[in-house]
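# Coordinates in review
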Amino acid sequence: MSGHEILLTPDGNYLWQKQAWMEGLDAVRTGKLDAHSVSIIQTDNVPAEGTVVNVRQLMATQPAAMVAFYSHASQILRSQKDHRYCGCCGSPCSPRVGEWAMVCSTCDMSYYPRISPCIIVLIHKGDEVLLVQHKKHLRNTSIHTVIAGFIEPGETAEEAVVREVREEVGIEVGQIEYCLSQSWPFPHALMLGFRAEFKSGDICLEEEELVSGGWFHRDNLPEIPPQFTISRQLIDI
Ligand SMILES: [Zn+2]
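First, a word on what this report is: a plain description of the structure on this page.

Rules of the game
Residues numbered from 1 in each chain as written. Predicted model: local features only at pLDDT ≥ 70, side-chain atom pairs only at ≥ 80, totals over all residues. Heavy atoms only, no water. Helix = DSSP H or I, 4+ residues; strand = E, 2+ residues; numbered from the N terminus. Buried < 20%, exposed > 50% of the residue type's maximum accessible area, 1.4 Å probe, protein only. Contact = heavy atoms within 4.5 Å. Donors = N, O, S within 2.8 Å, 3.2 Å for Na, K, Ca; no water. Tetrahedral: all angles 85-135°; square planar, octahedral: opposite > 155°, others 65-115°. Phe/Tyr/Trp six-rings, centres within 6.5 Å; stacked < 30°, edge-to-face > 60°. Salt bridge = Lys/Arg side-chain N within 4 Å of Asp/Glu carboxyl O. 1 Å grid on protein atoms, 1.4 Å probe; cavity = no way out; pocket = protein on both sides within 12 Å on 5 of 7 lines; lining within 4 Å. Points joined across faces, edges and corners; volume = space filled by probe spheres on them. Nonpolar A, V, L, I, M, F, W, Y, C, P; charged D, E, K, R; others polar.

## Quick notes on unusual backbone geometry
That bond from Phe-186 to Pro-187 is cis: its omega, 0°, falls within 30 degrees of zero. Relative to the helices and strands, Pro-187 resides in the loop between β11 (172–184) and β12 (189–200). One non-glycine residue with positive phi stands out, namely Asp-108, at about 70°. As for its placement among the helices and strands, Asp-108 is situated in the loop between β6 (102–104) and β7 (110–111). What makes Asp-108 exposed here is its relative accessible area of 52%. Within the chain, Gln-175 stands out as a residue other than glycine whose phi angle is a positive 50°. One can find Gln-175 in strand β11.

Here it is, written out as structure tokens:
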């Protein structure tokens, strides 16, 4: 399985006990869920008794506790794969007991799971909001969503909001207010959700990433992201 897929049993439940096909695979113990001690494994050999589903689809239907569990577990697994060797001296790393760190066997350097902060912002202009359509969403849907991007080194989150909006749609915003956050495990983003007010400028789309965008009245929105996403939660506030 890739990092974006998860295995379910034929009845749609998770596997709560070790199965014969898991023998020999590395299991990463990631904590407890509903009093069960839970591990996550990664394999390309899908057993006949299971069904592979896409995690994004799964997140849309699962309770918040399960979504949070997957987000946590997949990021621990990813970190252990990414830090198998030390970036300073090249020696092998191994998990440190009691923490999520990977530690170098030679120079003792610690590597904690990477978390990449991103801003995501809904821009308001009176009763209208600005929504854009990304090229990556075009394949199957006409979903319109909010502006988002990674925070760059040395930036505050608010500065990143101003820069990303300027880069993606060419307008200026102000009155930036933090609203809520969401861990987004594709692969390790922390989405910091804001609202902002339009200040000035005409929409000028960044054509590498966006195919369309504009102001939409709140009573007449296009197709928007599913409810479990922070982008939808910003729109629904
Ligand atoms: Zn080292």
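## Remarks on the side chain of Glu-164
Along the chain, Glu-164 falls in helix α3 (residues 157–169). Take Glu-164: its relative accessible area is 8%, and that puts it in the buried class. Each residue touching Glu-164, except ones within four places of it in the same chain, is listed here: Ile-119, Ile-147, Ala-148, Gly-149 and Phe-150.

## Thoughts on the coordination of the zinc ion
At 2.3 to 2.4 Å from the zinc ion lie its protein donor atoms, namely Cys-86 (SG), Cys-89 (SG), Cys-104 (SG) and Cys-107 (SG). Around the zinc ion, the four donor atoms sit at angles spanning 98 to 121°, and that spread fits a shape best called tetrahedral. Mapping the donors of the zinc ion onto the primary sequence gives the spacing C-x2-C-x14-C-x2-C. With a gap of 18 residues between them, Cys-89 in the loop between α2 (64–82) and β5 (93–95) and Cys-107 in the loop between β6 and β7 connect regions that are remote in the sequence. For Cys-89, a relative accessible area of 38% translates into the label partly exposed. Cys-107 sits in the partly exposed class, given a relative accessible area of 38%.

## Regarding the packing of aromatic side chains
A full pass over the atoms with the stated rule returns four aromatic pairs. On the numbers, 6.1 Å between centres and 20° between planes, the contact of Trp-184 with Phe-228 is stacked. Highlighted residues: Trp-184 in strand β11 and Phe-228 in the loop between β13 (210–217) and α4 (230–236), separated in sequence by 44 residues. For the pair Trp-184 and Phe-228, one class covers both residues: buried.

## Some words on the pattern of salt bridges
Inspection of the entire model under this criterion finds nine salt bridges. The closest approach of N and O atoms between Arg-163 and Glu-152, which form a salt bridge, is 3.6 Å. Here Arg-163 is found in helix α3, whereas its partner Glu-152 is found in the loop between β10 (147–150) and α3, with 11 residues between them in sequence. Arg-163 gets classed as buried once you look at its relative accessible area, which sits at 13%. A salt bridge links Glu-172 to Arg-166; its shortest N-O distance comes to 2.9 Å. Exposure remark for Arg-166: the relative accessible area of 44% places this residue in the partly exposed category. A single salt-bridge network, built from bridges that share partners, covers Glu-152, Glu-155, Arg-163, Glu-164 and Glu-167.

## Considerations on empty space enclosed by the protein
If you walk through the whole model with that rule in mind, you get three cavities of 30 Å³ or more. Looking at the largest cavity, the residues that line it are Gln-75, Arg-78, Ser-79, Asp-82, His-83, Pro-113, Arg-114 and His-188. Of the residues belonging to the lining of the largest cavity, the class tally is one nonpolar, four polar and three charged. Here the second largest cavity is characterised by a volume of approximately 40 Å³. The wall of the second largest cavity is formed by Leu-122, His-124, Cys-179, Phe-194, Arg-195, Leu-234 and Ile-237. Classifying every residue of the lining of the second largest cavity gives five nonpolar, one polar and one charged.

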